[in-house]
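# Observations on the model geometry
Each chain, letter by letter, is given below.
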Amino acid sequence: MATTERPQGQAIVDRAYEFLVNNRVWKSIFRIGYPNTPRNQMLAVATNVFLHLHPTRVHRTHVKITHTYCLGGLSFFLFLGLTVTGVLLMFYYVPSVERAYADMQALQTDVRFGMMLRNTHRWMAHGMVITVMLHMMRVFYTGAYKPPREFNWVVGVILLVLTLLLSFTGYLLPWDELAFWAITVGTNMIGSDPILGEVNQFVMIGGFEVGQNALIRFYTLHVIGLPLAAAIFMSVHFWRIRRDGGLARPL
Amino acid sequence: MVAEAPAPASSRQRGAMPSVRPRRQREEELLVWPDLVFVEFIAALIFTITFVALAILINAPLQDRANPANTPNPSKAPWYFLNLQELLIHMHPALAGVIVPTVFLVLLAAVPYFDTSNEEQGRWLATPRAWPNMIVGMIVGFVGTWVLIVYDSSKHIVLYERFSVGSEAFRVWPPFMAEENVRTWPETLNWLKSVRALQTDINWHNDLTGVPIGETFIRTDLLGLPRGSIQWNVPAWIVEQAIPIGIMIGLPILLSLVAWRTGLARTRRDHMILLISGWFASWLVLTVAGTYFRGAGLELLWPWDVYPAES
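Treat the numbers as computed from the prediction; the structure is a model and nothing was measured.

A few words now on the overall build of chain B. Counting its regular elements, chain B contains 14 helices and 3 strands. In chain B, buried positions account for 36% of the 311 residues. Counted over contacts in chain B with a minimum sequence separation of 6, partners at least 24 positions apart contribute 57%. In the structure as shown, chain B presents an accessible area of about 18,500 Å², 66% of it carried by carbon and sulfur atoms.

Shown next as C-alpha cells:
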C-alpha cells in the first residue's frame, strides 16, 4: 500500500509521527496513509468496515444538514447508544419479580453513575422513537420512498414497529406501578381482539396477567430478540440505501 | 449514484449504471471523508452532549413497586401507544387495539406502491401543490380529530350550555358564567350528546338489541355442533363499529374527493401527501389528547386539571 504522504520534516513532532506510523504494527492495522489526498480519503472509507456503509463519494446536496437532518443516522446512533447503556444496565438487573424493583433502587442509589446510566438509556429510548418517526416523515416529504426505493420504505416501517416494540418491552422492566399498568393496559388492548386476541395476549405475557412470565419474556425480547431483529433489518435497510443508488435526489 | 446523464428512464429503473460517468456529475460530488464523516461526527457529538445533559438534569421516573391489587386512575400505556388508548375510548376495543394499527401500518407500507411516479424525489415537497396539500391535510386532520374527540366526550354540551344564552346573558356579570344564564341541552336532542348516546338515548326496539344470529342464521346445530348463542346488538354495533369504521374510512375518502374536485390534489403524490399529512396530524392529536387531556376515568380534561400544579 501507499507510503505516508505527509511531508518530511525535522521537527520532533514529525519524527514522532514517523516513529508511530512507519512500522509493521501500525501498517498492519491501517493499510492506507493519512487521508489527506483524494485517493487516501476514498480508501479510508472503502477499506474501513464501519465507514464503508457509505459510498466513497456523495452528491454535494447530501452533505447539507437540511436535506435529511441526519435523522436516520441519528436513529442508528441512538440504537448504538442504547446497546452500550443497555449492556451496562444488564450487569445490575435481574429479571425476577422479587428482585427487579430492588435492583432498580440499588442501581439508582448504590451504583456509581447508576442513575445517569438509567436516565441515558431511558431518554435515548424516547429519543429513538421520536427520531425514527421524524425520519419517516422526512423520507415521506422528500419523496424518497419512490421507485426504486419502495421496498426500503417497507423495511423502514418494519423498523418503526421494532423500535416501538423495543421501547414497549423495556417499559415493563423497572417493575414499578408505571411499568406494570402501562404493560397491562397495552397488552389488554391486544387481548381485546375477538379472534386471536386472547391467544396473542396469553403468548405475549405468558399467562392471564402480567407477572414473572411476562417479565422474563419481555426481558429476553428486549435484550436479545428484538435488538437482533432490528440489527438484521437495519443491515438490509442500509445495504439497500447503497444498492438503490444512495440518498434520493432529483432525476 | 444514479447517473444524471440523459439515459433512458427504463434502464435507470432497472438500476443499470453507465460505465463512464459524465464529467459534470463528478464535479458535483464530494468525498465522504472528510465532508460527510465530519457532519456525522458533529451530529453524533451534539446528540451525545444533549443526552448526557438530559440524563444529568432529568431523572427517569421510578414509582412505587408494582402492585397488581392497586390500579392507579388513570392507568395509561406508554406515550407512543396513547393514541391507540385514545381510540379505545371511542370504539370497539378490537378495532382500536389491533385492527386500526394493523391496517394503518399495512397501508403505510403500501404508500410507494400507490404512488409509483418517481418525479421530484429527494427534495422537500418539490412536486407542484405539495405544500398546499400538506397544509390542508394537516389542518383537516388536526381540527377534525379534535372535533370528533370533543363530540364523543360530550364537551359540545358544555359549550352549548355556556354560550347559547343569547342577549339576556349580559344582564348578569360575568356573562356566560352565571348560574342563571345556563341553558340546558334540549332533552329531545339527547341522542346527539355523544356517539354512545345513539345507543343509550334512543328507544331501540327489543328486536334490534338482540338479533338472534346464532339461532336463525348461523345454524351450527345443523352440523351437529352446539347451537350458537350469538345475540347481535345492532345499536351497540353501530356505535362501536359501523360509525368509527365509517368515519375512519369515509372522511379520508371524502377529503381526497373534495381535494380532487377542487383541483387541489391531481396526482397520486398529491393525494398521498394530503392523506398522510392528515394521518400524521390526527395521530399527533390522538397522542396529545391521550397524554395531556385524559384524567381520572379517562375523562377529557384540561391539562392543568389532569396534572394539577403541586402547591
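Let us keep going from here.
A separate point is empty space enclosed by the protein. All names here are of chain B. Under the definition given, this model contains 1 cavity of 30 Å³ or more. In this structure, the largest cavity spans a volume of roughly 40 Å³. As for the largest cavity, its lining consists of Lys76, Leu82, Gln85, Glu86, Ile89, Gly290, Arg294 and Leu298. Broken down by class, the residue content of the lining of the largest cavity amounts to 3 nonpolar, 2 polar and 3 charged.

Turning our eyes to something else, we now look at the pattern of salt bridges. According to the stated counting rule, one finds 7 salt bridges over all chains in the structure shown. Asp103(A) serves as the salt-bridge partner of Arg99(A), at 3.3 Å between the closest nitrogen and oxygen. The class for Asp103(A) is buried, based on a relative accessible area of 8%. Here Arg196(B) ties to Glu240(B) by a salt bridge, and the two come within 3.1 Å at their closest N and O atoms. Linking Arg196(B) in the loop between helix H8 (155–163) and helix H9 (197–200) with Glu240(B) in helix H12 (residues 234–261), this pair joins segments that are 44 residues apart in sequence.

Locating His126(A) in the fold gives a position in helix H7 (residues 114–141). In this structure, His126(A) is in contact with Tyr171(A) and Trp79(B), ignoring residues within four places of it in sequence.

Now for the environment of Thr131(A). Residue position: Thr131(A) is located in helix H7. Relative accessible area serves as the criterion here: at 5%, Thr131(A) is assigned to the buried category. In this structure, the C-alpha to C-alpha distance between Thr131(A) and Ser75(A), residues 56 residues apart in sequence, is 5.7 Å. Those residues in contact with Thr131(A), other than ones at most four positions away along the chain, are Leu71(A), Ser75(A), Leu78(A) and Phe47(B). A distance of 3.2 Å separates the side chain of Thr131(A) from the side chain of Ser75(A), its partner in a polar contact.

Okay, the packing of helix H10 (residues 197–205) of chain A against helix H11 (residues 212–243) of chain A next. All names here are of chain A. Contact geometry for H10 and H11: axes closest at 7 Å, N-to-C directions at 75°. When the axes of H10 and H11 are compared, the pair comes out roughly perpendicular. Together, Phe202, Val203, Met204 and Ile205 of H10 and Asn213, Ala214, Arg217 and Phe218 of H11 make up the contact between the two elements. Split by residue class, the contact of H10 with H11 holds 6 nonpolar, 1 polar and 1 charged.

What follows deals with the nonpolar core. Counting residues in each nonpolar core, the largest one holds 93 residues, and the members touching the most others are Phe140(A), Trp153(A), Leu172(A), Trp175(A), Val210(A), Leu215(A) and Phe81(B). Considering each element in turn, this core owes the most residues, 12 residues, to helix H8 (residues 150–172) of chain A. Sequence-distant contacts of Phe140(A), defined by excluding residues within four places in its chain, comprise Tyr145(A), Trp153(A), Val111(B), Arg269(B), Met272(B), Ile273(B), Ile276(B) and Phe280(B). Core analysis: the next-biggest nonpolar cluster, separate from the first, contains 5 residues, Leu255(B), Ala259(B), Leu264(B) and Ala265(B) among them.

Taken together, the contact between chain B and chain A spans 83 residues of the former and 87 residues of the latter. Regarding the contact of chain B and chain A, the summed buried area is about 8,100 Å², with carbon and sulfur atoms giving 69% of it. Taken as a group, Leu62(B), Gln121(B) and Trp124(B) account for 10% of the area that chain B buries against chain A, more than any other trio of residues on that side. At the junction of chain B and chain A, the tally comes to 0 salt bridges. Where chain B touches chain A, the interface holds 35 residue pairs in polar contact (both at pLDDT 80 or more). Every element with two or more residues in the side of chain B that touches chain A is listed here: helix H2 (23–27), strand E1 (29–31), helix H3 (32–57), helix H4 (82–90), helix H5 (93–109), helix H6 (111–114), helix H7 (130–152) and helix H13 (268–292) of chain B.

So, about the domain arrangement of chain A. The domain architecture assigned to chain A consists of domain 1 (8–53) and domain 2 (60–243). Each of domain 1 of chain A and domain 2 of chain A has a C-alpha centre, and these two points are 38 Å apart.

In this section: the packing of aromatic side chains. Under the counting rule described, the total for this entry stands at 25 aromatic pairs over all chains. Both rings, one in Phe140(A) and one in Tyr141(A), keep their centres 5.1 Å apart while their planes meet at 75°; by these two values the pair is edge-to-face. A relative accessible area of 3% places Tyr141(A) in the buried class. Ring geometry for Phe104(B) against Trp279(B): centres 5.2 Å apart, planes inclined by 80°, an arrangement best described as edge-to-face. Here Trp279(B) lies in helix H13 and Phe104(B) lies in helix H5, a separation of 175 residues in the sequence. Looking at Phe104(B), the relative accessible area reads 25%, which means it is partly exposed.

The rules behind each value
Residues numbered from 1 in each chain as written. Chains lettered and ligands numbered in written order. Predicted model: local features only at pLDDT ≥ 70, side-chain atom pairs only at ≥ 80, totals over all residues. Heavy atoms only, no water. Helix = DSSP H or I, 4+ residues; strand = E, 2+ residues; numbered from the N terminus. Buried < 20%, exposed > 50% of the residue type's maximum accessible area, 1.4 Å probe, protein only. Contact = heavy atoms within 4.5 Å. Areas by Shrake-Rupley, 256 points an atom, 1.4 Å probe, with all protein chains shown as cover. 1 Å grid on protein atoms, 1.4 Å probe; cavity = no way out; pocket = protein on both sides within 12 Å on 5 of 7 lines; lining within 4 Å. Points joined across faces, edges and corners; volume = space filled by probe spheres on them. Nonpolar A, V, L, I, M, F, W, Y, C, P; charged D, E, K, R; others polar. Salt bridge = Lys/Arg side-chain N within 4 Å of Asp/Glu carboxyl O. Polar contact = N/O pair within 3.5 Å; in protein donor to acceptor, adjacent residues only side chain to side chain. Axes fitted to C-alpha atoms, helices over the stretch in contact; angles between N-to-C directions. Parallel < 35°, antiparallel > 145°, perpendicular 65-115°, else oblique. Core = buried A, V, L, I, M, F, W, Y, C linked by side-chain atoms within 4.5 Å. Buried area = accessible area lost by both parts, 1.4 Å probe. Domains from an automatic or database assignment. Phe/Tyr/Trp six-rings, centres within 6.5 Å; stacked < 30°, edge-to-face > 60°.

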